[in-house]
Amino acid sequence: DYVAVKGKTEPIRIYELLDCLSYEDKQTLIESVELYNSAKSCYYRRKFRKAIILFEKCIKLNPNDSVAKIFLNRSSHFISFDRGKEWDRVYRPSVK
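The structure displayed is predicted, hence computed values, not measured ones.

Conventions adopted
- Residues numbered from 1 in each chain as written.
- Predicted model: local features only at pLDDT ≥ 70, side-chain atom pairs only at ≥ 80, totals over all residues.
- Heavy atoms only, no water.
- Helix = DSSP H or I, 4+ residues; strand = E, 2+ residues; numbered from the N terminus.
- Buried < 20%, exposed > 50% of the residue type's maximum accessible area, 1.4 Å probe, protein only.
- Contact = heavy atoms within 4.5 Å.
- Areas by Shrake-Rupley, 256 points an atom, 1.4 Å probe, with all protein chains shown as cover.
- Lys, Arg positive; Asp, Glu negative; His and termini not counted.
- Charge placed at Lys NZ, Arg CZ, Asp CG, Glu CD.
- Disulfide = S-S within 2.5 Å.
- Expected span 1.5 Å × (residues − 1).
- pLDDT = per-residue confidence, 0-100.
- Phe/Tyr/Trp six-rings, centres within 6.5 Å; stacked < 30°, edge-to-face > 60°.
- Lys NZ or Arg CZ within 6 Å of the ring centre and 35° of its normal.

Trainee: Quick question: what am I supposed to make of the overall build of the chain here?
Mentor: Secondary structure summary: the chain contains 3 helices and 2 strands in total. Along the chain, from the amino end to the carboxyl end, the secondary structure elements read β-β-α-α-α. Here the chain, with 96 residues, has 32% of them falling under the buried criterion. Counted over contacts in the chain with a minimum sequence separation of 6, partners at least 24 positions apart contribute 55%. Only carbon and sulfur atoms are counted for the fraction: they give 54% of the accessible area of the chain, which is about 6,900 Å². Within the chain, the 13 negative side-chain charges are centred at a point lying 8 Å from the centre of the 19 positive side-chain charges.

Trainee: Please explain the state of the cysteines as it appears in this structure.
Mentor: By definition, a disulfide links the sulfur atoms of two cysteine residues through a covalent bond. Scanning the entire structure with this criterion turns up 0 disulfides. The cysteine Cys58 is free of any disulfide, with Cys42 supplying the nearest cysteine sulfur at 11 Å.

Trainee: I would appreciate a short explanation of the environment of Ile70 in the present structure.
Mentor: For Ile70, the position within the fold is in helix α3 (residues 66-79). With 15 residues separating them in the primary sequence, Ile70 and Phe55 have C-alpha atoms 9.4 Å apart.

Trainee: Whenever I open this one, unusual backbone geometry confuses me. Can you help?
Mentor: What is expected of a backbone is that most residues other than glycine have negative phi and most peptide bonds are trans. Even without glycine at this site, Arg46 takes up a positive phi of about 65°. Structurally, Arg46 can be placed in the loop between α1 (23-44) and α2 (48-61). The class of Arg46 is partly exposed, set by a relative accessible area of 36%.

Trainee: What's the story with α2 in this structure? I'm lost.
Mentor: Within an α-helix, residues lying three or four positions from one another point in the same direction, as the helix has 3.6 residues per turn. Taking 1.5 Å per residue, 14 residues should reach 20 Å; α2 reaches 20 Å between its end C-alpha atoms and fits that length. Of all the positions in α2, only Phe48, Ala51, Ile52, Leu54, Phe55, Cys58 and Ile59 are classed as buried.

Trainee: How should I be thinking about the confidence of the model for the chain in this particular structure?
Mentor: Do not read the fine detail of predicted coordinates wherever pLDDT is low. Mean pLDDT over the chain works out to 84, with 92% of the residues at or above the 70 mark. Within the chain, the element-level pLDDT minimum falls on strand β2 (residues 12-13), averaging 80, and the maximum on α2, averaging 95.

Trainee: I'm lost on the packing of aromatic side chains in this one. Help?
Mentor: Think of a pair of aromatic rings as described by two things: how far the centres are apart, and how the planes are tilted against each other in angle. A complete count under the given rule lists 7 aromatic pairs for this structure. Relative to Phe71, the ring of Tyr43 lies with its centre 4.9 Å away and its plane at 85°, an arrangement referred to as edge-to-face. With Tyr43 in helix α1 and Phe71 in helix α3, this pair connects stretches of sequence that are 28 residues apart. Look at Tyr43 and you get buried, because its relative accessible area is 0%. Judged by relative accessible area, Phe71 falls into the buried class, the value being 2%. Sitting over the face of the ring of Phe71, Arg74 holds its NZ or CZ atom 5.0 Å from the ring centroid.

Structure follows, in structure tokens:
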């Protein structure tokens with residue numbers, strides 16, 4: 001993911017650490033990765049309603065998936081706002 005914090009224009013790349021997960025969480029993650037990738041693809045194409053449905057399915061499969069929860073919340077938020085054709089897919093939180 002790319003995030004630009006308040007007051008900055010250049011985004012930074014954010015990664016999810018997977019090696020620290022328990023064996024069970026890794027197995028669940030492996031089972032849901034295709035669904036998660038589809039959800040994130042919808043998110044980046046601004047198909048937020050579809051992304052919400054898919055992220056909800058990810059969370060149902062893996063209730064510990066905090067990243068899916070973040071993208072679910074963002075998708076819900078972005079439905080209310082027109083991101084415009086120039087949306088660069090960078091998340092810009094309004095607070096530090």
